[in-house]
Amino acid sequence: MMKRIVTIQDISCVGKCSLTVALPIISAMGVEAAVLPTAVLSTHTAIPGFTFRDLTAEIRPISEHWKQERYTFDAIYTGYLGSFEQLELVTEFMDEFQTVRDEATGKERPTCVFIDPVMGDFGRLYSGFTPEFAREMSRFCARADVIVPNMTEACWLLGMEYLPEGTYTENQVRDILRRLCDLGPKNTVLTGTSFQEDRVGFMGFCAETETFFTYMTERIPHSFHGTGDIFASATVGALMNDFSLCESLSIAADFTLECIRESLKDSTARNYGVNFESAVPYLIHRIGK
């Protein structure tokens, strides 16, 4: 039976980020992707003049309808959540949909909770976020099986000073990962990790086994909008295809790199978003579909 996940984040009608990339990527990986949009935007926020409609009031009614229909989810994947109220409502959602029936055994098993704590980059919080929100997000992350912050988000979650990217030693990153797990999540993954100028990737830590894992790819000296959403979405899709966490993250890292390579051919892609569509055949081949 096909697995079903629900991804909870905003949707940009034009521009490649959030639900606009999560839905096609996860679907292409042979996984049903239900969506619970938290807001609808005319374009993503890097495009001036965008319109915005908050959908917070719809979260509970949608949840109640799904509960009435007895829908369950193999995974709950959250991205950008824009308010304290949304954090509270999504926590409530996790309580309501915390188990799924295992078709092989007929027994209930826990739903996987995957949190991308989208809050900031380059040391700064995104507009509208505050240190108080970051503290609440750290409590929200305690529910997770996996969290995938970048270094900026990790520092805000822990209330620690941010240092410029590339200045962290491997031992410092290991300490940050352990401290993130102390917040409650079972596995923590720091994205954008780099110990060499020409390499970038991730380092993760599993609290249960107390093991670290690392994977690096070629660093391309260009920044593109939406790559974090592509990475997180591909990771969730791979997990639902029964790859291990480290394998899933590695697949996602390689796919993101392939997306960037495709986008380098297009001079309009940098702010608009990467051309992930061109790299989907690579992703499908990679997971053996």
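In case you missed it, the structure is sitting above this.
Residues numbered from 1 in each chain as written. Predicted model: local features only at pLDDT ≥ 70, side-chain atom pairs only at ≥ 80, totals over all residues. Heavy atoms only, no water.

So, on to the packing of aromatic side chains. What the rule picks out here adds up to 13 aromatic pairs. Judged by centre distance (6.4 Å) and plane angle (50°), the ring pair of F202 and F231 falls under tilted. In this pair, F202 is assigned in strand β12 (residues 199-206) and F231 in helix α7 (residues 227-240), connecting sequence segments 29 residues apart. A relative accessible area of 1% places F202 in the buried class. Counting every residue linked through ring pairs, the aromatic cluster contains W66, F73, F93 and F97. (Phe/Tyr/Trp six-rings, centres within 6.5 Å; stacked < 30°, edge-to-face > 60°. Helix = DSSP H or I, 4+ residues; strand = E, 2+ residues; numbered from the N terminus. Buried < 20%, exposed > 50% of the residue type's maximum accessible area, 1.4 Å probe, protein only.)

The next thing to look at is the pattern of salt bridges. Going through the model one piece at a time under the given rule, you end up with 15 salt bridges. With a closest N to O distance of 2.7 Å, E218 and R261 form a salt bridge. Of the two residues, E218 sits in strand β13 (residues 211-218) while R261 sits in helix α8 (residues 245-263), which places them 43 residues apart along the sequence. The class for R261 is partly exposed, based on a relative accessible area of 37%. Residues R286 and D254 are paired through a salt bridge, measuring 2.7 Å at the closest nitrogen-oxygen approach. Here R286 is found in helix α10 (residues 280-286), whereas its partner D254 is found in helix α8, with 32 residues between them in sequence. On the accessibility criterion, D254 (13% relative accessible area) is buried. (Salt bridge = Lys/Arg side-chain N within 4 Å of Asp/Glu carboxyl O.)

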